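Letter by letter, the chains look like this.
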Amino acid sequence: VQLQASGGGLVQAGDSLRLSCAASGRAFSSYAMGWFRQAPGKGREFVASISKSGGSTYYADSVKGRFTISRDNAKNTVMLQMNSLKPEDTAVYYCAADYSEYDIIRRPDFWGQGTLVTVSS
């Protein structure tokens, strides 16, 4: 599967932003999907994941209550709605895919290119 993330940009603290990730190839619903991020000078960290059916989601504590992950299996897309953004959310955001709903959180097999989100104070 090939993944293409989009929707990043420069926003102010408190604003909202919606990221999208388009997947190419067949059987999108066979993949659990996730979002990760990498802030300047830091390692890549898990943000959110969603099960193959979309019925189950999981979030990092740092974004719980502010971010929402969703997917549209008919359109081969996964979204990340980010509300109440903070300067510490500044990072390159990556979408990821894996056949395993366990491994999507830890070591996804497939990665898209990143999209930069910058939150100014």
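Predicted, not measured: the structure shown is a model, and the values here were computed from it. (Residues numbered from 1 in each chain as written. Predicted model: local features only at pLDDT ≥ 70, side-chain atom pairs only at ≥ 80, totals over all residues. Heavy atoms only, no water.)

Student: Teacher, can you tell me more about the overall build of the chain here?
Tutor: Across its full length, the chain holds 1 helix and 11 strands. Going from N to C terminus, the chain has its helices and strands arranged as β-β-β-β-β-β-β-β-β-α-β-β. Considered along the principal axes of its C-alpha atoms, the chain spans approximately 40 × 25 × 25 Å. The 121 residues of the chain split such that 43% are buried. Just so you have it, the chain exposes about 6100 Å², and 47% of that area is on carbon and sulfur atoms. Taken together, the 13 basic and 10 acidic charged side chains of the chain have centroids lying 2 Å from each other. (Helix = DSSP H or I, 4+ residues; strand = E, 2+ residues; numbered from the N terminus. Buried < 20%, exposed > 50% of the residue type's maximum accessible area, 1.4 Å probe, protein only. Areas by Shrake-Rupley, 256 points an atom, 1.4 Å probe, with all protein chains shown as cover. Lys, Arg positive; Asp, Glu negative; His and termini not counted. Charge placed at Lys NZ, Arg CZ, Asp CG, Glu CD.)

Student: Please clarify how the environment of F110 should be interpreted in this entry.
Tutor: Along the polypeptide, F110 turns up in strand β10 (residues 110–111). Residue classification places F110 among the partly exposed residues on the basis of a relative accessible area of 24%. Along the sequence, F110 and L85 sit 25 residues apart, while their C-alpha atoms lie 27 Å from each other. With near-sequence residues (within four places) excluded, F110 lies in contact with V1, L3, Y31, C95, A96, A97 and Y99. (Contact = heavy atoms within 4.5 Å.)

Student: Sorry, what's going on with the pairing of strand β4 (residues 32–38) here?
Tutor: Remember that side chains alternate between the two faces of the sheet whenever the strand is regular. Counting buried residues in β4 gives 6 out of 7 residues, a clear majority hidden from the surface. Sheet analysis places β4 next to strand β9 (residues 91–98), joined by 7 bridges and oriented antiparallel. Among the inter-strand pairings, G34 is bridged to a residue of β9, identified as A96. Inspection of the sheet shows β4 paired to strand β5 (residues 44–50) by 6 bridges, in the antiparallel sense. Bridge pairing in β5 links R37 to E45. Connecting β4 to the next strand, β5, in antiparallel fashion are 5 residues, including G41 with a positive phi near 75°. (Pairing = 2+ DSSP bridges.)

Student: Looking at this structure, I do not really get the nonpolar core. What am I missing?
Tutor: Soluble globular proteins tend to pack their nonpolar side chains together in the buried interior. The biggest cluster of nonpolar side chains holds 35 residues, and the ones touching the most others in it are W35, L80, M82 and Y93. Broken down by secondary-structure element, the contributors of at least two residues to this core are β1 (2–6), β3 (17–24), β4, β5, β7 (67–72), β8 (77–82), β9 and β11 (115–120). It is β9 that contributes the most residues to this core, 5 residues altogether. Non-local contacts of L80, meaning those with residues more than four positions away in its chain, are made with L17, R18, L19, W35, V47, A48, F67, T68, I69 and Y93. (Core = buried A, V, L, I, M, F, W, Y, C linked by side-chain atoms within 4.5 Å.)

Student: Please clarify how the sheet that holds β1 should be interpreted in this entry.
Tutor: Strand pairing in a sheet is mediated by backbone hydrogen bonds. Such pairs are either parallel or antiparallel. Read across the sheet, 4 strands follow the order β1-β3-β8-β7 without closing on themselves; strand pairing throughout is antiparallel. Each of the sheet's edge strands pairs with one partner strand only, and the pair in question is β1 and β7. Averaged over neighbouring strand pairs, the angle between their axes works out to 15° when direction is ignored. (Axes fitted to C-alpha atoms, helices over the stretch in contact; angles between N-to-C directions.)

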